[in-house]
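Commentary on secondary and tertiary structure
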Amino acid sequence: MLFWHEFRKTVCGTAYLLFVTVIVIALNSQGVLDFQNEIVTEPNPSASQNYGTKYEENPAVIMPAALQSLYAEFRENKYQTYPVGFVKLDDDKQQKIAEILSELSGENPDNASELSVRTDISYAKFKALMQTADDILGGGSDYAAKSLIHYGRVPVTYEEAAKRYELVKTYDQFTGGYARLFCDYAAAMALSILPVFPAVIMSMRDRRAKMSELIYIRATPAAKLLLVRYLAVTAAVMLPVLILSYGSNSSIWRMYSGMKLDYLAPLKYDLGWILPSAMIVIAVSMCLTELTNTPIAVAVCSLWWFIDINLGIQSVSASYSLLRLAPRHNAGALSYFMTQDFADNLPRLIANRLLFAGLSIVLVLVTIVIYEAKRRGKLTWKK
């Protein structure tokens, strides 16, 4: 059977073994292969219990916290931005930050031991000045107007904790949150970039073996050959992900003994969340490789992945934007998996995933057209 022939060609070899190894290393480094020590417990109404914290746009909390952070970084001339890391400013830009601090506090930051926000400054003005500071830093800091909420850390009340737990119990049936966290990292760290390699290798293999001319005249229709090859690579790419996701999810099943669990959660999230990312990367790779007879797809997909992974890190809504290659929902350990945020943004995620799945199909059809043209002697690049 043609499918199994193409599938075996993909999974048999050092390249595929390396592909799987990198996936395991990447996911293990993010701590999503074993959740056995991360259990979500029902909150207790005891007054002494800490229910965690949340981010809230509370000016009374945000303004002093953001000012103190900016002042501390100003004194060290060491500003944290994403994805650059720490930024050091020249004297002119440092002076501009000093002027912002002075306007926010009414004091000279070079002489003051600590700063406090002026009582007569509005929150709108505060946000505008902080946005200016972010612009001076080149963007990517928490001083951007849309990111200031990161300074609004406030305690979670018992009522809020109880509501979140109920969502984890009913909406996620416990397993859904863990599956979602796995998919967040799997899509971003691996499946939105690594499939380019088996896809390019598959497309280049016959050419390297000087079998192109023979394949072009085979009786197998171009559409059938390319579709089967695409499905074989996609299946090979998703196989280790499915295995790892179930291994990861099963690590917590015994911790919720007696609870209603969704044992299909890993499968649903793998196919609905990760698969479209892998599909589009494979389709782009096959199309570019067939068009150019080169592995240029590696560079193209790597650049696309790098740009995508550094976008929308500051907000949940941006992480679910329509054109995100790898939608993000990085909730972190024991954070109740931001279930309500996910539920609110589910229509956006569905639209995104359907778009990329549809584009993948279109690119596969384009690849078939290119392949058929070459088989007929057209689109032959001269050396």
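For the structure itself, consult the block above.
About the criteria used
- Every chain begins its residue count from 1, and numbering advances along the sequence as written.
- Given that the model is predicted, a residue must reach a pLDDT of at least 70 before its local features are reported, and side-chain atom pairs must reach 80 or more before they are shown or counted; all residues, however, enter totals for whole chains, interfaces and linings.
- Note that the side-chain values use all heavy atoms of the structure and ignore hydrogens as well as water.
- Counting from the N terminus, the helices are DSSP H or I runs at least four residues long and the strands are E runs at least two residues long.
- Accessible area is worked out with a 1.4 Å probe on protein chains only. A residue is then buried under 20% of its type maximum, exposed over 50%, and partly exposed in between.
- The contact definition used throughout considers only heavy atoms, calling two residues in contact when any of these lie within 4.5 Å.
- For accessible areas, the Shrake-Rupley method is used with a probe of radius 1.4 Å. Any residue's cover is judged against the shown protein chains and nothing else.
- In this charge count, Lys and Arg are treated as positive and Asp and Glu as negative; neither His nor the chain ends contribute.
- Charge placement uses NZ in Lys and CZ in Arg. For Asp and Glu, CG and CD serve respectively.
- Angles run from 0 to 180 degrees between N-to-C directions of axes, and those axes are lines fitted to C-alpha atoms, restricted for helices to the stretch in contact.
- Definitions for this section: a left-handed crossing has its near helix turned counterclockwise from the far helix by less than a right angle. A right-handed crossing has that turn clockwise.
- Counted as a polar contact is a pair of N or O atoms within 3.5 Å, where, for protein atoms, one must be capable of donating a hydrogen and the other of accepting one, and residues adjacent in sequence contribute only when both atoms are in side chains.
- The rule for a salt bridge is simple: a side-chain nitrogen of Lys or Arg has to be within 4 Å of a carboxyl oxygen of Asp or Glu.
- Patch definition: residues with relative accessible area over 30% and no salt bridge; like charges joined within 9 Å; nonpolar side chains (Val, Leu, Ile, Met, Phe, Trp, Tyr) joined within 5 Å.
- Ring geometry is summarised as follows: Phe, Tyr and Trp rings, the Trp one being its six-membered ring, pair when their centres sit within 6.5 Å, and such pairs are stacked at plane angles under 30 degrees, edge-to-face over 60 and tilted between the two.
- Both a distance and an angle decide whether a charge sits over a ring: NZ of Lys or CZ of Arg must be within 6 Å of the ring centre and within 35 degrees of the ring normal.
- Nine residue types can take part in a nonpolar core, namely buried Ala, Val, Leu, Ile, Met, Phe, Trp, Tyr and Cys, and a core is a set of them joined through side-chain atoms within 4.5 Å.

What follows concerns the overall build of the protein chain. Looking only at helices and strands, one finds 14 helices and four strands in the protein chain. Each principal axis of the C-alpha distribution contributes one length, and for the protein chain these read about 80 × 60 × 35 Å. Looking at the protein chain residue by residue over its 383 residues, the buried ones come to 46%. Taking the contacts inside the protein chain whose residues are at least 6 apart along the sequence as the reference set, 77% of them involve residues at least 24 apart. Accessible surface, the protein chain: about 19,000 Å² in total, of which carbon and sulfur atoms supply 62%. Averaging the locations of the 37 positively and 34 negatively charged side chains of the protein chain gives two centres separated by 16 Å.

This next bit is on the packing of helix α7 (residues 175–191) against helix α10 (residues 222–250). Close contact between α7 and α10 brings their axes to 10 Å; oriented N to C, the two are set at 145°. Between α7 and α10 the crossing geometry is right-handed. Residues T175, Y178, A179, F182 and L191 of α7 touch α10, and the partners they reach there are V237, V241, L244, S245, S248 and N249.

The next point concerns the side chain of S203. Positionally, S203 belongs in helix α8 (residues 196–208). In this structure the side chain of S203 is engaged in a polar contact, spanning 3.1 Å, whose partner is the backbone oxygen of A199. Once you skip the residues sitting within four places of it in the chain, S203 turns out to touch M286 and T289.

By the definition in use, this model includes twelve salt bridges. With its nearest N and O atoms 3.3 Å apart, the salt bridge here joins E6 to R229. A residue pair is termed long-range when its members are at least 10 positions apart, and E6 in helix α1 (residues 2–11) and R229 in helix α10 qualify at 223 residues. For the pair E6 and R229, one class covers both residues: buried. When salt bridges that share partners are traced, they join E6, K9 and R229 into one network.

Let's shift gears to a nonpolar patch on the surface. Nonpolar side chains collect at one region of the surface, where L264, L267 and L271 lie side by side and expose about 250 Å² of accessible area between them. Along the polypeptide, L271 turns up in helix α11 (residues 265–292). Residue classification places L271 among the partly exposed positions, given a relative accessible area of 40%.

Glancing now at the environment of S116. With respect to the secondary-structure elements, S116 resides in the loop between α4 (91–105) and α5 (123–137). When residues no more than four places from it in sequence are discounted, the contact partners of S116 are L67, Q68, L104, S105 and E107.

Located in the positive-phi region is N77, a residue other than glycine, with phi close to 50°. You can see N77 is positioned in the loop between α3 (59–76) and β2 (79–81). Accessibility expressed as a relative area gives 13% for N77, which makes it buried. In the Ramachandran plot, N293 falls in the positive-phi region, its phi being about 60° despite a non-glycine side chain. Counting through the fold element by element, N293 comes out in the loop between α11 and α12 (296–309). What makes N293 partly exposed here is its relative accessible area of 27%.

Per the stated rule, a full pass over the model turns up 18 aromatic pairs. An angle of 90° between the planes, with centres 4.9 Å apart, marks the rings of W253 and Y263 as edge-to-face. In this pair, W253 sits in the loop between α10 and α11 while Y263 sits in the loop between α10 and α11, placing the two residues ten residues apart along the sequence. The ring of F342 is capped by R180, whose NZ or CZ atom sits 4.3 Å from the centre of that ring. The cationic tip of R328 hangs over the ring face of Y185; the distance from NZ or CZ to the ring centre is 5.8 Å.

Once that is clear, we can look at the side chain of T10. Tracing the backbone shows T10 in helix α1. On the accessibility criterion, T10 (9% relative accessible area) is buried. At 3.0 Å, the side chain of T10 and the backbone oxygen of E6 are in polar contact. Those residues in contact with T10 that sit more than four places away from it in its chain are Y16, P198, M202, V233 and A236.

Another aspect to go through is the nonpolar core. Counting residues in hydrophobic clusters, the biggest one holds 73 residues, and the most contacted among them are I23, L27, F182, L191, W273 and I274. In terms of residue count, the dominant contributor to this core is α11 (13 residues). L27 has contacts with V32, L33, F182, Y185, A186 and L244, leaving out every residue within four places of it along the chain. Core analysis: the next-biggest nonpolar cluster, separate from the first, contains 28 residues, I62, V87, I97 and I121 among them.

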